[in-house]
Amino acid sequence: MVWDETGILLFLLWLVLPPLYVVLLGRHYLRRCTDAAQKAVWAREELRKALEGVQAILRTSARN
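Remember, predicted model here, so these are calculated numbers, not experimental data. (Residues numbered from 1 in each chain as written. Predicted model: local features only at pLDDT ≥ 70, side-chain atom pairs only at ≥ 80, totals over all residues. Heavy atoms only, no water.)

1. A short note on the overall build of the protein chain
Alright, step 1. Helix and strand content of the protein chain: one helix and zero strands.
Alright, step 2. At 28 Å, the protein chain has a C-alpha radius of gyration far larger than the 11 Å of a compact globule built from 64 residues.
Alright, step 3. The principal-axis extent of the C-alpha atoms belonging to the protein chain is close to 95 × 10 × 5 Å.
Alright, step 4. When the accessible surface of the protein chain is totalled, it reaches about 6,200 Å², and 70% of it is carbon and sulfur.
Alright, step 5. If the 9 positive side-chain charges of the protein chain are averaged to one point and the 6 negative ones to another, these points end up 17 Å apart. (Helix = DSSP H or I, 4+ residues; strand = E, 2+ residues; numbered from the N terminus. Rg over C-alpha atoms; globule rule 2.2 N^0.38 Å. Areas by Shrake-Rupley, 256 points an atom, 1.4 Å probe, with all protein chains shown as cover. Lys, Arg positive; Asp, Glu negative; His and termini not counted. Charge placed at Lys NZ, Arg CZ, Asp CG, Glu CD.)

As structure tokens, then:
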């Protein structure tokens, strides 16, 4: 009887671990992708502000 219960426990563990691993791995990569996307948006905004500054300088120098 002990081996039957152990076998059932191991079988259930074998069924549960792979999906649990996939969920945890997915959450890890989702967090990394979210962080990378936020950094990309920040960099785009900084670049946009810098380009607007350059365009403003060019406009004022063209007027003079």
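2. Describing a nonpolar patch on the surface
Alright, step 1. On the surface, a cluster of nonpolar side chains totalling about 1,100 Å² of accessible area is made up of Ile8, Leu10, Phe11, Leu12, Leu13, Trp14, Leu15, Val16, Leu17, Leu20 and Leu24.
Alright, step 2. As for its placement among the helices and strands, Leu10 is situated in helix H1 (residues 2-63). (Patch = residues over 30% accessible without salt bridge, like charges linked within 9 Å, V, L, I, M, F, W, Y side chains within 5 Å. Salt bridge = Lys/Arg side-chain N within 4 Å of Asp/Glu carboxyl O.)

3. Overview of the environment of Pro18
Alright, step 1. Inspection of the secondary structure assignment puts Pro18 in helix H1.
Alright, step 2. Using a relative accessible area of 42% as the deciding quantity, one classes Pro18 as partly exposed.
Alright, step 3. In the structure, Pro18 is positioned 43 residues away from Ser61 in sequence and 64 Å away in space, judged by C-alpha atoms. (Buried < 20%, exposed > 50% of the residue type's maximum accessible area, 1.4 Å probe, protein only.)

4. Overview of the pattern of salt bridges
If the charged atoms of two oppositely charged side chains come close together, the side chains can form a pair.
Alright, step 1. Using the criterion set out here, one finds three salt bridges in the structure.
Alright, step 2. Between Glu45 and Arg44 there is a salt bridge whose closest N-O contact spans 3.5 Å.
Alright, step 3. We classify Arg44 as exposed; its relative accessible area is 51%.
Alright, step 4. For Arg48, the salt bridge identified is with Glu45, shortest N-O distance 2.7 Å.

5. Re the environment of Ala36
Alright, step 1. One can find Ala36 in helix H1.
Alright, step 2. Its relative accessible area of 43% is what places Ala36 among the partly exposed residues.
Alright, step 3. Here the alpha-carbon distance between Ala36 and Ile57, two residues 21 residues apart in the chain, equals 32 Å.

What is shown is where atoms sit, not what they do.
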